[in-house]
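Architecture at a glance
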Amino acid sequence: QVQLAESGGGLVQAGGSLRLSCAASGRTFSSYAMGWFRQAPGKEREFVAVISWTGAVTYYADSVKGRFTASRDNAKNTVYLQMNSLKPEDTGGYYCAVHRRSLSMGITAPDFDSWGQGTEVTVSS
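Here's what I pulled together on the structure shown here. Just so it is clear, the model here is predicted, and its values are computed rather than measured.

Conventions and cut-offs
- Residues numbered from 1 in each chain as written.
- Predicted model: local features only at pLDDT ≥ 70, side-chain atom pairs only at ≥ 80, totals over all residues.
- Heavy atoms only, no water.
- Pairing = 2+ DSSP bridges.
- Helix = DSSP H or I, 4+ residues; strand = E, 2+ residues; numbered from the N terminus.
- Axes fitted to C-alpha atoms, helices over the stretch in contact; angles between N-to-C directions.
- Phe/Tyr/Trp six-rings, centres within 6.5 Å; stacked < 30°, edge-to-face > 60°.
- Buried < 20%, exposed > 50% of the residue type's maximum accessible area, 1.4 Å probe, protein only.
- Lys NZ or Arg CZ within 6 Å of the ring centre and 35° of its normal.
- Salt bridge = Lys/Arg side-chain N within 4 Å of Asp/Glu carboxyl O.
- Disulfide = S-S within 2.5 Å.

Section: the sheet that holds strand 7 (residues 68-73)
Read from one edge to the other, the open sheet built from four strands follows the order 1-3-8-7, with strand pairing classed as antiparallel. Where the open sheet ends on each side, the last strands, each with one partner, are strand 1 (3-7) and strand 7. Strand after strand, the sheet turns through a mean of 15° between neighbouring axes, direction not considered.

Structural data, given as structure tokens:
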């Protein structure tokens, strides 16, 4: 069982940057793709990014493409989300999760498990 813990959230002005981290326990971390989701108050959780187990393949939501970058360090059991040019609409809780199947089978929330507790990001205008 993989346990995940996100960190790195905070308050930032529009146009600023944050780097989120997701630390994983468990020896099988490097075997799985990892995803990032976010959830704004009163809204459904939405896909942000996913990175394959090697780090060679990434997919992003159109709303963050060109601004966010997912990466991972399997030696440290950690996946990252670098967020640049932040906008107020990026505000919300950010969560990482494990994807145990082929990415071609889907990258919506039900395709992921072992969710972390989340880290809050607030972008002020």
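Text resumes after the structure shown.
Some words on the packing of aromatic side chains
Across all of its chains, the model carries four aromatic pairs by this definition. With 5.7 Å between their ring centres and 75° between their planes, F37 and F47 make a pair best called edge-to-face. Highlighted residues: F37 in strand 4 (residues 33-39) and F47 in strand 5 (residues 46-51), separated in sequence by ten residues. Across this residue pair, the class does not change: F37 and F47 are buried. Every member of this aromatic cluster is reached through a ring pair, and the members are F37, F47, F112 and W115. Sitting above the plane of the Y95 ring, R45 keeps its charged end 3.9 Å from the centroid. The ring of W115 carries the charged tip of R45 above its face, separated from the ring centre by 4.7 Å.

A short note on the environment of S125
Topologically, S125 is positioned in the segment after strand 11 (119-124). S125 sits 22 residues away from L103 along the chain, and the two C-alpha atoms are 35 Å apart.

Some details on the pattern of salt bridges
Counted under the stated rule, the structure contains six salt bridges. With a shortest N-O distance of 3.0 Å, D62 and K65 are connected by a salt bridge. Two residues, R67 and D90, come together in a salt bridge whose shortest N-O distance is 2.8 Å. Of this pair, R67 sits in the loop between strand 6 (58-60) and strand 7 while D90 sits in the loop between strand 8 (78-83) and strand 9 (92-99), placing them 23 residues apart in sequence. Like R67, the residue D90 is buried in the burial classification. Several salt bridges converge on common partners, so that one network encompasses R38, E46, R67 and D90.

Points about the state of the cysteines
Within this structure, the stated rule accounts for one disulfide. Through a disulfide, C22 is tied to C96; the S-S separation comes to 2.0 Å. Because the torsion about its S-S bond is 70°, the bridge between C22 and C96 counts as right-handed. With C22 in strand 3 (residues 18-25) and C96 in strand 9, this residue pair connects regions lying 74 residues apart in the sequence. With respect to burial, C22 and C96 carry one shared label: buried.

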